[in-house]
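Summary of the model geometry
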Amino acid sequence: MTHTSLYATSVDADAIKPFRVHFPDAALADLKHRIAATRWPDREIVPDQSQGVQLATVQKLARYWATDYNWRKVEATLNALPQFTTEIDGVDIHFIHVRSKLPNALPVIVTHGWPGSIIEQLKIIDPLTNPAAHGGSASDAFDVVIPSLPGYGLSGKPADTGWDPIRVARAWIVLMKRLGYTRYVAQGGDWGNAVTEQMALLAPPGLIGIHTNMPASVPNDIDAAALAGAPAPSGLSAEERHAYDQLAYFYKHGLGYANEMANRPQTLYAIADSPVGLAAWMLDHDAQSLALITRVFEGQSEGLTRDDVLDNVTLYWLTNTAVSSARLYWESKLPFFAPKGIPIPAAVSAFPEELYQAPRSWTEKAYPKLIYYHRLDKGGHFAAWEQPDLFTAELRAAFRSLRGTTTPSTAAR
C-alpha cells in the first residue's frame, strides 16, 4: 500500500503508510482448535483467588471464546479508523490517528501498557475527537494518536535490545513530529505512564503537558517499606495509609507476573503456545481487575464485557506478541512508582482501584508543575477501557488550562 499525500514526506524512510487489519481464517480456526484442545489443570484447592485465576472463570472464558466470540467485529472496528505504520529507529510502529473536524483541536498521544493494547483506548476516540456528541464542548476537541508499543499488537517486534521506555519515548517524539504536530500533550497509564513521563523528561519543544492515570509518586522511604512488607510508617494521613496498604498488597500478591517477565521473558513459551494459558496470564494482572473480569464472565454487567476482554487477548494471540511484549519488563530499569521530577505541566487522575490511589500530598511533591488532580470514586487500572466517560471527562478537564488562545500548529487536516 502507498502512503497518502496527507502525510507527504521528503524522505522515503519517513513514509507513513495506511494499514488494515486482517488475519486469515486459518489463524482463527487454529485458535479455536487450540482452545478446544486445552489440557486443564485440577481445580484450585481454596475457595477464593489466592492461588490465582480460578478454573471456573477460565473455563467460562474458553467456552465463550471457542463458540460465540467473533474477532471479525474487532477487525471491522479497527478498519473503520484511520490506521497507519511508519518505521522509526528500525521498527515499524503501528498507530491509530483520528483528526477532529473541529478547529483548535489539541493533539494528544495516548500510550497503553501491559497487558493492554490499542483495544483499551477505542472507546475514548470519538468522545475526544467529537466532544459535542458526547456531552462536551467543541472547545474540548482533541486530535488523537494511539500507537502500539514496539513488540505489542500490530507494531513490529524489535530485533535488538535497548527498547526501554526511554527509547519508546524518543520514538513517540519522532512520530508526533512526523505527523506535523508542533504543540501537543501526552497521556498514559501503566507502561504508558513510564513512556509519557520519559517524553516529559526529554522535553521536546512541542510537548506542553502530560496526564497520567497511574502516577509515579511514591516517596522512596514509603516504597521501600511497602516492598519489604513492613508496617505502615507512622504519621501517614488516611489517604496516604490507604495508598500504602494498596501498594504493600500489590508488592506481596501481585508482582509475580512482572518479576517473571523482567527476569526470564523468553521462558514464557507456554503462553505463546496456549491461548487459554495466555488469557489466564493476562487476567492475573491485579486483584481488582481480576475480580471485575471474573464477575463479567459470571454474567454481571460491568465496565468491561466478555468481548472487551477477549478482543484484547485475541490481539495478543494473533500477533504472537506474548513474549515480545514481555521483554519490555526485561528492558526497563526504571522504578515503577518512584517520582521522576517531571519538569513540565502534569495532570493526575487517581482512580480508586488502581494499583494504588495516589494521594494529593504525594502527587504535589512528585509533579512540581501539577496543574490538575482529581481523586475519583470509580474505576481501576484500565480506566479508559472500563470507564471511558469518566476518563474522557478527566482528559478534557486536565488539559483545559493548557489550550489557551493559541491554535495548535498541526499538519493539514
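The following refers to the structure shown.

The rules we used
- Residues numbered from 1 in each chain as written.
- Predicted model: local features only at pLDDT ≥ 70, side-chain atom pairs only at ≥ 80, totals over all residues.
- Heavy atoms only, no water.
- Helix = DSSP H or I, 4+ residues; strand = E, 2+ residues; numbered from the N terminus.
- Rg over C-alpha atoms; globule rule 2.2 N^0.38 Å.
- Buried < 20%, exposed > 50% of the residue type's maximum accessible area, 1.4 Å probe, protein only.
- Contact = heavy atoms within 4.5 Å.
- Lys, Arg positive; Asp, Glu negative; His and termini not counted.
- Charge placed at Lys NZ, Arg CZ, Asp CG, Glu CD.
- Salt bridge = Lys/Arg side-chain N within 4 Å of Asp/Glu carboxyl O.
- Core = buried A, V, L, I, M, F, W, Y, C linked by side-chain atoms within 4.5 Å.
- Pairing = 2+ DSSP bridges.
- Axes fitted to C-alpha atoms, helices over the stretch in contact; angles between N-to-C directions.
- Phe/Tyr/Trp six-rings, centres within 6.5 Å; stacked < 30°, edge-to-face > 60°.

1. Description of the overall build of the protein chain
If you tally the helices and strands in the protein chain, you get 17 helices and nine strands. In terms of C-alpha radius of gyration, the protein chain reaches 21 Å, essentially the compact-globule figure of 22 Å for 413 residues. The principal-axis extents of the C-alpha atoms in the protein chain amount to approximately 60 × 60 × 45 Å. Taking all 413 residues of the protein chain together, the buried fraction comes to 56%. Sequence separation of at least 24 residues holds for 77% of the intrachain contacts in the protein chain that already meet a minimum separation of 6. Charge separation in the protein chain, taken as the distance between the mean sites of 36 positive and 42 negative side-chain charges, equals 4 Å.

2. A few points about the pattern of salt bridges
Where side chains of opposite charge bring their charged atoms close, a pairing between them can arise. Applying the stated rule across the entire model yields 13 salt bridges. A salt bridge links Asp 89 to Arg 167, with the shortest nitrogen-to-oxygen separation between them at 2.7 Å. Within this pair, whereas Asp 89 is found in the loop between β2 (83-88) and β3 (91-98), its partner Arg 167 is found in helix α5 (residues 165-178), the two being separated by 78 residues in sequence. Take Asp 89: its relative accessible area is 47%, and that puts it in the partly exposed class. Taking relative accessible area as the criterion, Arg 167 reaches 14% and is therefore assigned buried. Here Arg 375 ties to Glu 239 by a salt bridge, and the two come within 3.5 Å at their closest N and O atoms. Within this pair, whereas Arg 375 is found in strand β9 (residues 370-375), its partner Glu 239 is found in helix α8 (residues 238-253), the two being separated by 136 residues in sequence. With relative accessibility at 33%, the residue Glu 239 sits in the partly exposed group. Because the salt bridges share partners, they merge into one network encompassing Asp 25, Arg 72 and Glu 75.

3. Structural notes on the nonpolar core
Within the largest apolar cluster, 126 residues are counted, with the highest numbers of intra-cluster contacts made by Trp 65, Trp 71, Trp 114, Trp 172, Met 199 and Phe 337. With sequence-adjacent residues up to four places away left out, Trp 114 is seen in contact with Tyr 152, Asp 190, Trp 191, Tyr 257, Met 261, Trp 281, Met 282, His 285, Tyr 316, Ser 325, Tyr 329 and His 381.

4. Describing the sheet that holds strand β8 (residues 346-350)
Pairing is mixed across the open sheet formed by nine strands, whose spatial order is β1-β2-β3-β5-β4-β6-β7-β8-β9. The open sheet is flanked by β1 (16-18) and β9, the only strands paired with a single partner. The mean angle between the axes of side-by-side strands here comes to 20°, regardless of whether they run parallel or antiparallel. When strand β4 (residues 106-111) meets strand β5 (residues 142-147), the two strands line up parallel, connected through four bridges. Residue Val 108 lies in a different strand from β5, and its bridge partner there is Val 144.

5. Side note on the packing of aromatic side chains
All told, the structure shown has 17 aromatic pairs when counted by the stated rule. Between Trp 114 and Tyr 257, the ring centres sit 5.2 Å apart and the planes meet at 20°, which makes this aromatic pair stacked. With Trp 114 in the loop between β4 and α4 (125-129) and Tyr 257 in helix α9 (residues 256-263), this pair connects stretches of sequence that are 143 residues apart. Like Tyr 257, Trp 114 is buried.

6. Quick notes on unusual backbone geometry
Omega for the bond connecting Trp 114 with Pro 115 falls within 30 degrees of zero, at 0°, which places this linkage in the cis form. One non-glycine residue, Asn 104, adopts positive backbone phi at about 65°. Exposure remark for Asn 104: the relative accessible area of 44% places this residue in the partly exposed category. Here the phi dihedral of Asp 190 falls at roughly 60°; this positive angle occurs in a residue that is not glycine. Of the residues examined, Asp 190 reaches a relative accessible area of 11% and is grouped as buried.

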